[in-house]
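Structural features, examined
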Amino acid sequence: MPADAELPMMKKTDRTPKIRWLVLALTAASLCVGALAPVHVAEAQEQRYERRSILDFFLGRRYLDDGPQAPDAQQPRRQQQRKRPPAQKAVINTRTAPPVRPPVQEEPVVQKLGDAKKILIVGDFLASGLGDGLTAAFETSPGVVVEARGNVSSGLVRDDYYDWPGQLPKMIDELKPAMVVVMIGANDRQQMVTDTAKEKFRTDGWFAEYRRRVLSFGKEVTDRKIPLLWVGLPAFESDQMTADAVQMNQLYRNQVESIGGEFVDIWDGFVDENSNFIVTGSDVNGQQVRLRTSDGINLTQAGRRKLAFYVEKPARRILGTQASPDLVRLDESALPGLGLPTNPVEHTVPISLSDPNLDGGTELLGARPPPITLTKSPRDLLVEQGEMTPAPIGRVDDYRMPATKTPAEVSVK
């Protein structure tokens, strides 16, 4: 290789020592500048730029608390928008947090007395709903227990399915109720099988046999000297069922009242002012609620409570103080104190009949004749002679015409 070909390579190798000397010179210059800076400025820089190196100083990098930044110390606007102050995050968290609800305080359950009076409820699915409503009505009465023995699909027509005339005496002997409540008939709109024939619904033979069964069923209660409440049927969504309910309620009323029972009419509570079926109406508190279910036959919970409201009034009248929520016992020891003294003789002072005012008088009131007056009273004048004392001038009963003035009196003025 010729000698002149090695000249460019020699020039490249000679640049490396020059670069090294330049870096050392700049390093020395930076150390001098750092030595000339004030002490408090140097300490602040050391605290803020802990990871700062000599190479970063020459490249223009700045280290803040969050890390290296751009040389212009200006963050892109997109990054600034993503950041949110801590206070704003705290507000968002409090809004999304679920509200804290206070604990619900359950009402204490009233303990029933051992000798509490029992109300026996019998019938079909409406009687079962009535049992729920009466249980809620007397839940605060320790002297009353509600026994609901309704059978959902039963009635007085299909005695082969459930024999109410045979089951009712057994229930009465078992529970010994203070009163019996009957609500039945919603399932009885069907053919009836008797000993002699099959009677279709709405025929005269059907109503004659049904009337006999209602009367016999009610006598099972009244013959035992137990109060009987027979609850009528409500209106239904079906017009035909409603018409049948009206006719059957009239039958119930006549038969039950003939044996000393009481018919409870609930019709007005489940119809409007035109006697039409309603789904929504007033509850026991006067609020508009749903009373009937979607089938137009059954009752909602509010409807059951309203049904019991009609039965609750005569039941409380029959039970008397036994239905009071303040009752503690059902014997003589539960009577309130009258505040009488233990020895009434010591606190009794006899009063003389001849001197009740203890004023020394010897005659009773009315013993002396009334004083004799010479003039008659206005009452005597009116009654005896028909004369009335003239009313004062200007009073409302003064009917005298005002006096008219003569022409001479007018001319004088």
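Residues numbered from 1 in each chain as written. Predicted model: local features only at pLDDT ≥ 70, side-chain atom pairs only at ≥ 80, totals over all residues. Heavy atoms only, no water.

1. Here's the deal with the side chain of S154
Inspection of the secondary structure puts S154 in the loop between strand 4 (144–148) and helix 7 (164–175). A distance of 2.8 Å separates the side chain of S154 from the backbone oxygen of N151, its partner in a polar contact. Filtering out sequence-adjacent residues up to four positions away, S154 remains in contact with G123, D124, Y161, Y162, W164 and N187. (Helix = DSSP H or I, 4+ residues; strand = E, 2+ residues; numbered from the N terminus. Polar contact = N/O pair within 3.5 Å; in protein donor to acceptor, adjacent residues only side chain to side chain. Contact = heavy atoms within 4.5 Å.)

2. Section: the pairing of strand 3 (residues 117–123)
Counted residue by residue, strand 3 has five buried out of seven residues, so it is predominantly covered. Summarising the sheet, strand 3 and strand 4 pair through five bridges and their orientation is parallel. Looking across to strand 4, one finds that K117 is bridged to V144. In this region the chain leaves strand 3, passes through helix 6 (residues 125–137) and returns to the parallel neighbour strand 4; the handedness of that crossover is right-handed. The sheet contact formed by strand 3 and strand 5 (residues 179–183) spans five bridges and is parallel. Of the residues in strand 5, the one forming a bridge with G123 is M183. (Buried < 20%, exposed > 50% of the residue type's maximum accessible area, 1.4 Å probe, protein only. Pairing = 2+ DSSP bridges. Right-handed = clockwise from strand over helix to strand, strands pointing away.)

3. Describing the pattern of salt bridges
One pass over the full model with this rule turns up 16 salt bridges. With its nearest N and O atoms 3.3 Å apart, the salt bridge here joins K376 to E384. Through salt bridges with shared partners, one network takes in E147, R149 and E174. (Salt bridge = Lys/Arg side-chain N within 4 Å of Asp/Glu carboxyl O.)

4. Some details on the sheet that holds strand 5
Pairing within the open sheet is parallel, and its five strands lie in the order 4-3-5-8-9. Looking at which strands have only one partner, the edges of the open sheet turn out to be strand 4 and strand 9 (262–264). Pairwise comparison of adjacent strand axes, ignoring direction, gives a mean angle of 20° for this sheet. As paired elements, strand 8 (residues 228–231) and strand 9 share three bridges and run parallel to each other. (Axes fitted to C-alpha atoms, helices over the stretch in contact; angles between N-to-C directions.)

5. Thoughts on helix 11 (residues 378–385)
Counting buried positions along helix 11 gives zero out of eight residues, so the element sits mostly on the surface. Just downstream of helix 11, G386 is the residue with a positive phi angle, here 70°.

6. Some remarks on the environment of R213
For R213, the location among the structural elements is in helix 8 (residues 204–222). The spatial distance from the C-alpha of R213 to the C-alpha of Q255 is 9.9 Å, given a sequence separation of 42 residues. Setting aside residues up to four positions removed in sequence, R213 forms contacts with L156, V157, D159, M192, V193 and T194. Within the local environment of R213, its side chain forms a polar contact with the backbone oxygen of L156, the two atoms lying 2.8 Å apart.

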